[in-house]
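So you can see what is in the structure, the chains are spelled out below.
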Amino acid sequence: MGPLIVNEIISSNTNLLIAFFIGIGFGFVLEANGFSSSRRLAGMFYGYDTTVLKVFFTAAITAGIGLLFLSLFGWIDLSFIYINPTFLWSAIGGGVIMGAGFILGGYCPGTSFCAAAIGKLDALAFIGGILIGIVIFMEGYPLWEGFFKAKYMGSPLLSDWLNMSRGLLAFLIAIVAIGMFWVGEWAEKKFARDDYEINQH
Amino acid sequence: MKEAKKYMNPYLGGVLLGLVLIVAFWVSGRGLGASGAPKAALVAGINAIAPSHTANTAFYQEYLGGHAHPLKSWLVFEMLGVLVGGFLSGAVAGRLKFKVEKGPNVTSKVRIIFAVFGGILFGFGSQLGRGCTSGSALTGMAVLSAGGFITMAAIFGTAFGMAYFVRKLWL
């Protein structure tokens, strides 16, 4: 049955309309969890607030295991799910640059839009920066095109690399995540700050 | 001023975010994203202002060749929804307010400068890495994509590694 768009159950215009509603759900959940707060997001890297870790990994596990169950019930054909291709060097290089942007700027793109929507001016500045950064990439494209397209590996799954089933990998990730949640809860007590009161923004 | 409501329990929030992601997979065959939307808006804008420039520049030729109209894209509609959804949540919880959020020991000016600089890096990095925290890391992990895990590790590893050196910004 799913994905609906691939099986032509909905039209491409309907798909765009649904994208808008999916976005509302995405933005609402991000904001309701405080992803609209740069201090909360940065708190992840100092241990005083590990909400990012908890929400991020719970979401990845829920969606990952949910997909496997939908597939098991025959409700979705996993072969039609888009999987990002892996270009090894740009995946690492892009990630390193994004990580620097994250700790310096206090947001990532999705969270900055969410924060700007409730009036955070630092998020608006971050979005301005995003636009500049993308223009630099597009205008200077020939300079990094080689690096961008280097070491293409297709669209491999981590489970293929590790030679295990999708289900087993998802299960192992869930176990690792529970361990990280435990560390996160510990860190929030250990690195708690007097000047940071959760839920006070 | 009325006190803002508390944030959601993060584990409940994670489950809800995971469900949103599943709906995206089930309906559209793809996960969530973010950075593709500002790129589409920029391409559309630059193409409208300077069509001769985009016609003669490699990146735009490639991009416009593969898209009907840059703004008629899934991510653009999704990100418009993010603005609406974020606003609704903030309105319900009493968190709508113009402010510069910053660490206790920096001025608003410093905060804004670093926000712009961080945004530039994230904007550039998201293009190089073919997706940001949403499209590459979160969605990639959910579909068990090897590249998703690599990008996720690179983003969070770098941010953790740099955190100590820029602690004055946040602590």
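In case you missed it, the structure is sitting above this.
Asks: Which residues make up the environment of Ile9 of chain A, and what values do they have?
Replies: Its place among the elements puts Ile9 of chain A in the segment before helix H1 (12-32). Residues Ile9 of chain A and Phe147 of chain A lie 138 residues apart in sequence; the distance between their C-alpha atoms is 39 Å.

Asks: I'd love a proper account of the interface of chain A and chain B, names of residues and values included.
Replies: At the junction of the two partners, chain A supplies 111 residues and chain B supplies 108 residues. With 17 residues, the single largest contributor to the side of chain A that touches chain B is H1 of chain A. Broken down by class, the residue content of the side of chain A that touches chain B amounts to 70 nonpolar, 34 polar and 7 charged.

Asks: Could you give an account of the packing of helix H2 (residues 36-49) of chain B against helix H5 (residues 74-93) of chain B, with specific residues and numbers?
Replies: Residue and element names in this part refer to chain B. For the pair H2 and H5, the least separation of the axes is 8 Å and the interaxial angle reads 115°. The angle between H2 and H5 places the two elements in the roughly perpendicular class. The handedness of the crossing between H2 and H5 comes out as left-handed. Counted together, Gly36, Ala37, Ala40 and Ala41 of H2 and Leu75, Val76 and Met79 of H5 form the full contact between these two elements. Looking at the contact of H2 with H5, its residues break down into 6 nonpolar, 1 polar and no charged.

Asks: Describe the nonpolar core, with residues and values.
Replies: Ranked by size, the top nonpolar core spans 111 residues in total, and within it Ala60 of chain A together with Leu21 of chain B carry the most contacts. Among the elements that line this core, the one with the most residues is helix H6 (residues 121-139) of chain A, at 10 residues. For Leu21 of chain B, the residues in contact, after removing those within four places along its chain, are Ala59 and Ala63 of chain A together with Gly31, Leu32, Thr139 and Ala142 of chain B.

Asks: I'd like a description of unusual backbone geometry, backed by residues and values.
Replies: All names here are of chain A. Positive phi is not limited to glycine here, since Glu8 has a value of about 55°. Looking at the secondary structure, you find Glu8 in the segment before H1. In this structure Glu8 comes out as exposed when scored by C-beta crowding, with 8 C-beta atoms within 10 Å. The phi dihedral of Lys151 falls on the positive side, at around 55°, and the residue is not glycine. As for its position among the elements, Lys151 is in the loop between helix H7 (141-149) and helix H8 (158-161).

Asks: Residues and numbers for the packing of H1 of chain A against helix H5 (residues 109-117) of chain A, please.
Replies: Residue and element names in this part refer to chain A. Following both chains from N to C, one finds H1 and H5 inclined at 80°, their axes separated by 10 Å at the closest point. It follows that H1 is roughly perpendicular to H5 by the angle criterion. On the side of H1, the interface is formed by Gly27, Leu30 and Glu31, while H5 contributes Gly110, Thr111, Cys114 and Ala117. Among the residues making up the contact of H1 with H5, the classes are represented as 3 nonpolar, 3 polar and 1 charged.

Definitions and limits used
Residues numbered from 1 in each chain as written. Chains lettered and ligands numbered in written order. Predicted model: local features only at pLDDT ≥ 70, side-chain atom pairs only at ≥ 80, totals over all residues. Helix = DSSP H or I, 4+ residues; strand = E, 2+ residues; numbered from the N terminus. Contact = placed C-beta atoms within 7 Å. Nonpolar A, V, L, I, M, F, W, Y, C, P; charged D, E, K, R; others polar. Axes fitted to C-alpha atoms, helices over the stretch in contact; angles between N-to-C directions. Parallel < 35°, antiparallel > 145°, perpendicular 65-115°, else oblique. Left-handed = near helix turned anticlockwise from the far one by under 90°. Core = buried A, V, L, I, M, F, W, Y, C linked by C-beta atoms within 7 Å. Buried ≥ 20, exposed ≤ 12 C-beta atoms within 10 Å, placed from the backbone.

Nothing here speaks to function; it is geometry throughout.
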